[in-house]
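Residues per chain are reported as follows:
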Amino acid sequence: MIDKRDANLSLAFLTVSFIALFIGAIAGLLQTFVRSGAVELPLSIGYYQLLTAHGVLLALIFTTFFILGFLYAGISKTMGTLYDVPRRTGWLGFVMMTFGTGLATVLILLNKATVLYTFYAPLQASPWFYIALVHVVVGSWLCAFSMWNQYYIWKSRTKNKLSPLFSYMAVMTMTLWFVATLGLAATVLLQFIPWSIGWVDKIDILISRTLFWYFGHPLVYFWLLPAYMCWYVVIPKIIGGKIFSDALARLSFVLFLLFSIPVGFHHQLLEPGISHTWKFFQVILTFMVIVPSLMTAFSMFAVFETAGRKKGAKGLFGWIKVLPWRDVRFFAPMMGMLIFIPAGAGGIINASHQLNQVIHNTLWVTGHFHLTVASTVALTFFGICYWLIPYLTGRTLTPRMNKLGIIQTIMWTIGMAIMSGAMHIVGLFGAPRRTSYTTYADHSLAVDWIPYQIAMAVGGTILFLAIILLMYIVWFLAFKAPKGLMDFPVGEVEESAVSTPVILENWKLWVGICAMLILIAYTIPFGHMIEHAPPGSSGYKFW
Ligand code: HAS
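Residues numbered from 1 in each chain as written. Predicted model: local features only at pLDDT ≥ 70, side-chain atom pairs only at ≥ 80, totals over all residues. Heavy atoms only, no water.

Enquirer: In this structure, what is going on with the overall build of the protein chain? I would like to understand it.
Expert: Of regular secondary structure, the protein chain possesses 16 helices and 0 strands. Relative to a compact globule of 543 residues, whose C-alpha radius of gyration would be 24 Å, the protein chain shows 23 Å and is just as compact. The dimensions of the protein chain, computed from C-alpha atoms along their principal axes, are 60 × 50 × 45 Å. Looking at the protein chain as a whole, 62% of its 543 residues qualify as buried. (Helix = DSSP H or I, 4+ residues; strand = E, 2+ residues; numbered from the N terminus. Rg over C-alpha atoms; globule rule 2.2 N^0.38 Å. Buried < 20%, exposed > 50% of the residue type's maximum accessible area, 1.4 Å probe, protein only.)

Enquirer: Would you mind going over the site of the ligand with me for this structure?
Expert: The local shell around the ligand holds 37 residues, among which Tyr117, Tyr221, His360, His368 and Arg433 are the closest. In the environment of the ligand, an oxygen atom lies 2.8 Å from a nitrogen or oxygen atom belonging to the side chain of tyrosine 117. At 2.8 Å, a side-chain N or O of asparagine 356 approaches an oxygen atom of the ligand. If you tally residues by element for the shell around the ligand, the top one is helix H11 (residues 328-351), at 10 residues. Of the residues that constitute the shell around the ligand, the class distribution is 24 nonpolar, 11 polar and 2 charged. (Near = heavy atom within 4 Å. Polar contact = N/O pair within 3.5 Å; in protein donor to acceptor, adjacent residues only side chain to side chain. Nonpolar A, V, L, I, M, F, W, Y, C, P; charged D, E, K, R; others polar.)

Enquirer: For this particular structure, what's the right way to read a nonpolar patch on the surface?
Expert: On the surface, Leu355, Val358, Ile425, Leu428 and Phe429 cluster together into a nonpolar patch covering about 450 Å² of accessible area. Looking at the nonpolar patch, the elements with two or more residues in it are helix H12 (353-359) and helix H14 (399-428). (Patch = residues over 30% accessible without salt bridge, like charges linked within 9 Å, V, L, I, M, F, W, Y side chains within 5 Å. Areas by Shrake-Rupley, 256 points an atom, 1.4 Å probe, with all protein chains shown as cover. Salt bridge = Lys/Arg side-chain N within 4 Å of Asp/Glu carboxyl O.)

Enquirer: For this particular structure, what's the right way to read the side chain of arginine 250?
Expert: Considering the arrangement of structural elements, one finds arginine 250 in helix H7 (residues 246-259). With residues up to four places along the chain from it excluded, the contact list for arginine 250 reads Leu162, Ser163, Pro164, Leu165, Tyr168, Thr500, Leu504 and Glu505. (Contact = heavy atoms within 4.5 Å.)

Enquirer: What am I meant to see in the packing of helix H2 (residues 47-79) against helix H4 (residues 127-158) here?
Expert: Angle between the axes and distance between the axes are the two parameters that describe a pair of packed helices. Across the interface, H2 lies against H4 with an axial gap of 12 Å and an inter-helix angle of 15°. If you check the angle between H2 and H4, you find them roughly parallel. Along this stretch, H2 crosses H4, giving a crossing that reads as left-handed. On H4, the residues that touch Val56, Ile61, Leu68, Leu71, Tyr72, Ile75 and Met79 of H2 are Phe129, Val136, Cys143, Ser146, Met147, Gln150, Tyr151 and Trp154. Partitioning the contact of H2 with H4 into residue classes produces 13 nonpolar, 2 polar and no charged. (Axes fitted to C-alpha atoms, helices over the stretch in contact; angles between N-to-C directions. Parallel < 35°, antiparallel > 145°, perpendicular 65-115°, else oblique. Left-handed = near helix turned anticlockwise from the far one by under 90°.)

Enquirer: Help me understand the packing of aromatic side chains, please; the structure alone is not making it clear to me.
Expert: For any pair of aromatic rings, geometry is given as the distance between the ring centres together with the angle between the planes. Under the defined criterion, the tally for this structure stands at 55 aromatic pairs. Ring centres of tryptophan 387 and phenylalanine 488 lie 4.7 Å apart, and the angle between their planes is 70°; this geometry places the pair in the edge-to-face category. Here tryptophan 387, found in helix H13 (residues 363-393), pairs with phenylalanine 488, found in the loop between helix H15 (444-480) and helix H16 (507-531); they are 101 residues apart in sequence, far enough to count as distant. The side chain of arginine 250 reaches across the aromatic face of tyrosine 168, ending 4.7 Å from its centre. Over the aromatic face of phenylalanine 476 sits the side chain of arginine 400, whose NZ or CZ is 5.9 Å from the ring centroid. (Phe/Tyr/Trp six-rings, centres within 6.5 Å; stacked < 30°, edge-to-face > 60°. Lys NZ or Arg CZ within 6 Å of the ring centre and 35° of its normal.)

Enquirer: When you look at H4 in this model, what are you seeing that I'm missing?
Expert: In an α-helix there are 3.6 residues to a turn, and that puts residues three or four apart on one side. With 32 residues, H4 ought to run about 46 Å at 1.5 Å a step, and its terminal C-alpha atoms sit 47 Å apart, in line with that. Phi for lysine 159, located one or two positions after H4, is positive at around 55°. (Expected span 1.5 Å × (residues − 1).)

Right, dumping it as C-alpha cells:
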C-alpha cells in the first residue's frame, strides 16, 4: 500500500495532466475541422490560437505532469515512502508548475500568446507567457531536486550500491530533463523576456531556435523514457515474465542521456547559418540515439518470447498467442510498442539529411509526432493510468473498465492510423504543416490535399470520442470503482541475467561525458552564430 501522502502528490500531478489532456483534445478536434474546411471558428477564436493551446497543453503540460505523477508513485513504491524534504519540495514544484500552467493557458485563451508550442521568434507573445513558462520549468526543477534528494538519502541510509531499477530510471530521466531545460531557460531568460518586455528591440532568431532545439529533442526522450520504464519494469510483471536484463535496461538509459542532447541540429537541417559539417556531426549522433531504442526492442522481444515459452508456447511465433491481449494494462502499451516500429522508422527518415529536404515543415512531421508522442507514449500512459489511478485511490480495475479500456485503445489506434496516415501521405505531396484551411487560390495541387485533410478530421473525431471514453474510465477509477488493493507491478530480473556493473550508477562519469559531448557538438557552431550574428528581428504578432 502506498503512503497516503505520496499518493496525494501523485494524484495532484495526474489531475492537472488529465484536465490539460481534455482541453487540449477539444482544441485538436476543432483544428482538424477547421483545416478540412468543414467549420469556421466562432467568437473570433483564431486557428493558430487553438493550435497553440493544443500543442502547449498536450505536448508540454499533459506529458510533464503525467510523468511526474508516475515517477513519484514509482519512486515511493521502489525506494519506500518519500522522505519529508523530497515530498515538500515536490509539492512546491507542483504549485509553481500549476501556477505557470494556469497563467499560460489564460494568456493563450486571451490571444496574447499565439506563438505555437515551439514559440519560434520572431512571433512574439506577452512577456507573461514566457514568465509562465519559467514557472513551469523551475517547478519541474524542484521536482528533479526532490527526486535526486530522495535517491541520495535512500542510498546513504541503505548503503546499497545499486538503486532499484525504476528509481534509477527516474533519476536518469530527471537528469536528462534538467540538462535539456538549461537551453530553454537560457533562451527564455536571456532572449525572449527582455525582448518581449521591450528592454531590447531585436532578437537573434538562429540562436533562439538553436537553444530551443537543444532542449526540444531531448524533450521527446523525456516523454519516451517513462514509457520505456513501463515497458522494462512493469510489463514483464503483468505478462508473468521477468526483466530480460537490468544491466541492459540501465545502459540504454545511460545512452539516452549521452546522445539525446547534442543532436538538436537535426531539427534545423534546412536552417541557414549552420555549416553542413556540424549538421552532419549531429546527424551521426542522432543515429547513435537510435541504438538504445533498438536495444529496448530487442529486450522486449526477449521478455515476450521467454515468458511465452515458459507458458508452453511452441514454434517461432507461438509466444505471440499466449500474451495477455485481453488485459488492458498490457494491451494499451503493446499497441504503443507496435506503433513505434513504423514511427521510429519515420524518425530515421527525418534524420537522414537528404530525405529531410522532402519532409521538413510538411504534414509528414506532424504525422511523425502523432505516431510517436501521441500514440506510442500516450497509449503507454493510458495503459499505466488504468492500474495507477486505482492503486493511488485504493480501488480496483473492474472487468468492465478493463473492457472499456480495450475499446478505448482500439479506437485510439484506429483514429491515429487514419489521421496520422493521412498526414504522412499528404505531407509527401508537399502539404505544409502549421497552416489553417487554405486552397491557395484554388491551386490544383492544394485542392488535391483536401480529401486527406477530411480523413484527418475523421481520424480526429474518433480520437476525440476515445478521449471522452478515457475521461469516463479515469473518473470511474478515481471515484466509483470498488475499494480494494491494486498492485503497482514491478518485475523481477531473470535469474540468468548478468549482474549489473556498478559503473552504470556512476553519475559523475555519465553527466561528465554528456557535458563533453554537448560542448563538442555545440561550441564551435554556436561561436560562429555569435561571430556572424545578423542584426536580429523585431517582434511580430500576426494573429
Ligand atoms: Fe522525432 C521531429 C528524428 C523519435 C517526437 N519528432 C519530431 C517532432 C516531434 C518528435 C514532436 O531527425 C516535431 C518537432 C516540431 O514541432 O518541429 N525522432 C527522430 C528519430 C527518432 C525519433 C531519429 N520523435 C521520436 C520520439 C518522439 C519524437 C520517440 C516523441 C516521443 N524527429 C526526428 C527528426 C525530426 C523529428 C529529424 C525533425 C523533422 C523536421 O525536419 O522538422 C528515433 O529516436 C526513433 C528510434 C526508434 C526506433 C523504433 C524502435 C522500436 C521499438 C518497438 C519495438 C516493438 C516491440 C513489440 C517490442 C528505431 C522499441 C513487438 C511485439 C510483437 C508482437 C511483434
